[in-house]
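So you can see what is in the structure, the chains are spelled out below.
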Amino acid sequence: MRIHNIPIFALLLTVIFVSCGKKESAPDPWGANNSSDVSVPASSLQLEDIITNGELIMVTISGPDTYYEFHGRGMGLHYLLLQNFCQHIGVSLRVDVCKDTSDMENRLKSGEADVLAMPMKDKVDDLAECLSNASGNKWHWLVNQSNTSLADTLNHYFTADVIKKVEAEQSFWLSSASVTRKVYSPMLNRSKGIISEYDYLFMKYAPVAGWDWHLLAAQCYQESTFDPRAHSWAGACGLMQIMPSTASHLGLAQSDIYNPERNIAAATKYIAELTGRFKDITNPSEKMKFVLASYNGGSNHVRDAMALARKYGRSPYLWDNVSEFILKLQSPAFYNDPVVKSGYMRGSETADYVARIWNRWMDYRGVKGGTMPVPSKTQSQSTSVQTPLAPGVPAPHPSAKRKAKYQL
């Protein structure tokens, strides 16, 4: 429900006027009220109302440039641009992911959303364009035509330089440079079979995951290169790069997230949980690959790739088949497929993640052959969300909540 700031005195006068002028109507024999209550279309909130309510609602579609989840955080240039704006005006940003533009346009016109944030090129009746100048007239966003204060503020805030700055930030966050860590050798002493100083912890907790401890060590190297103080821009921390939300879910205190033993113990607990989500995969070796992929890219995306494999006549229980569709989830033809529930994913990173860990595991065990090909970048070409508040940004007022009819 949209919450508008209407003065109480004016509201009382309106009620009195309507009550005095209302004519008596004959009772309906069926007990229905035939007073013909007229429903008034909801109008869009003005900028000051959005600020008062503490929440701005963005509608968009899933895609690499619009919105997707990456390591538990929202990504996509247009999402990041609007998040930047929301932090500037001091409100939280909610994202409702829609299937098509007609859904988004209807949300704006009905007053159930504030901004359609994606690179639109065509004009839409009854909706106002924003950011045309900032984008060099290449694309624009849309807002309700009545919301002039929001449209004007967006146009004033965003310039070509602001867009370039956010683009550069996104490029940095998606690079390995965004992970702060000291790089250690992948093996401490190869001749003695010592991988790291944490081998005793891998041996201790690997049974919790049901894995060979060498595989756990190989994953740890991929995550943090054995640096217990490693952390990423997205908030992943410690040896096994555990997200704060995942740590909370696993009962790992934030004060212990950098503790090597407790970090590894929590990670193996999470691996065991992910393993339980793939009971339909009976081959233990295959199941490990699906679990690794889920640790990196999320089990919902992995299930999407399995659904695509099944749709195209491939076994969804073999990683070689499913990894192909993990890569294809970077292409609109596949992430917009009706069987896909979670939209776009950075599949090349997840496929690479699984292959590198698997190959390092073979190396740690001294197994010749059995390696997995690491996907090249060119291979991938075939192919309601509440965001964290910025420091000092107030939480939205409880009365400001609006229905997310089309949220995935």
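Criteria and thresholds
Residues numbered from 1 in each chain as written. Predicted model: local features only at pLDDT ≥ 70, side-chain atom pairs only at ≥ 80, totals over all residues. Heavy atoms only, no water. Helix = DSSP H or I, 4+ residues; strand = E, 2+ residues; numbered from the N terminus. Areas by Shrake-Rupley, 256 points an atom, 1.4 Å probe, with all protein chains shown as cover. Polar contact = N/O pair within 3.5 Å; in protein donor to acceptor, adjacent residues only side chain to side chain. Contact = heavy atoms within 4.5 Å. Buried < 20%, exposed > 50% of the residue type's maximum accessible area, 1.4 Å probe, protein only. Phe/Tyr/Trp six-rings, centres within 6.5 Å; stacked < 30°, edge-to-face > 60°. Core = buried A, V, L, I, M, F, W, Y, C linked by side-chain atoms within 4.5 Å. Salt bridge = Lys/Arg side-chain N within 4 Å of Asp/Glu carboxyl O. Axes fitted to C-alpha atoms, helices over the stretch in contact; angles between N-to-C directions. Parallel < 35°, antiparallel > 145°, perpendicular 65-115°, else oblique. Left-handed = near helix turned anticlockwise from the far one by under 90°. Nonpolar A, V, L, I, M, F, W, Y, C, P; charged D, E, K, R; others polar.

(A) Here's a closer look at the overall build of the protein chain. What the protein chain contains, in helices and strands, is 15 helices and ten strands. As displayed, the protein chain has an accessible area near 20,400 Å², and 55% of this comes from carbon and sulfur atoms.

(B) Expanded view of the side chain of D337. Inspection of the secondary structure assignment puts D337 in the loop between helix 14 (332-335) and helix 15 (347-365). A polar contact is formed between the side chain of D337 and the backbone nitrogen of V339, at a distance of 2.9 Å. In contact with D337, not counting residues within four places along its chain, are K99, L308, K311 and Y312.

(C) Quick look at unusual backbone geometry. Of note in the backbone geometry, L131 takes a positive phi value of approximately 70 degrees without being a glycine. With respect to the helices, strands and loops of the structure, L131 is situated in the loop between strand 6 (127-130) and strand 7 (140-144). You can call L131 buried: its relative accessible area is 1%. In this structure, Q241 takes a positive phi of about 50 degrees despite not being glycine. Mapped onto the elements, Q241 comes out in the loop between strand 9 (231-232) and helix 9 (244-250).

(D) Fine view of the packing of aromatic side chains. On inspection of all chains with the given rule, the structure shows 19 aromatic pairs. Between Y157 and F158, the aromatic rings sit 5.0 Å apart at their centres with planes inclined by 85 degrees, giving edge-to-face as the arrangement. With respect to class, Y157 is no different from F158; both count as buried. For the ring pair W173 and W233, a centre distance of 5.0 Å and an interplane angle of 15 degrees mean the geometry is stacked. In this pair, W173 sits in helix 6 (residues 160-173) while W233 sits in the loop between strand 9 and helix 9, placing the two residues 60 residues apart along the sequence.

(E) Main features of the nonpolar core. Formed by 101 residues in total, the largest nonpolar core has its most connected members in L56, L82, W141, L154 and F158. Residues in contact with L154, not counting those within four places in the same chain, are L82, F85, V115, C130, L131, W141 and V143. Counting residues in hydrophobic clusters, the runner-up holds twelve residues, among them V59, A113, L127 and L142.

(F) Seen up close, the pattern of salt bridges. Under the defined criterion, the tally for this structure stands at 14 salt bridges. Between E261 and K204 there is a salt bridge, with its nearest N and O atoms 2.7 Å apart. You can see E261 sitting in helix 10 (residues 260-276) and its partner K204 sitting in helix 7 (residues 199-209), a full 57 residues away along the chain. A salt bridge links R277 to E273, with the shortest nitrogen-to-oxygen separation between them at 2.8 Å. Overall, the relative accessible area of 37% leaves R277 in the partly exposed class.

(G) Molecular detail of the packing of helix 7 against helix 8 (residues 213-224). Axis separation between helix 7 and helix 8 bottoms out at 8 Å; the angle between their running directions is 120 degrees. In terms of orientation, helix 7 lies oblique with respect to helix 8. You can see that helix 7 and helix 8 cross each other, and the crossing is right-handed. Taken together, the residues of helix 8 that come into contact with helix 7 (itself represented by D199, F202, M203 and A206) are W213, L216, A217 and C220. Among the residues forming the contact of helix 7 with helix 8, the class breakdown is seven nonpolar, no polar and one charged.

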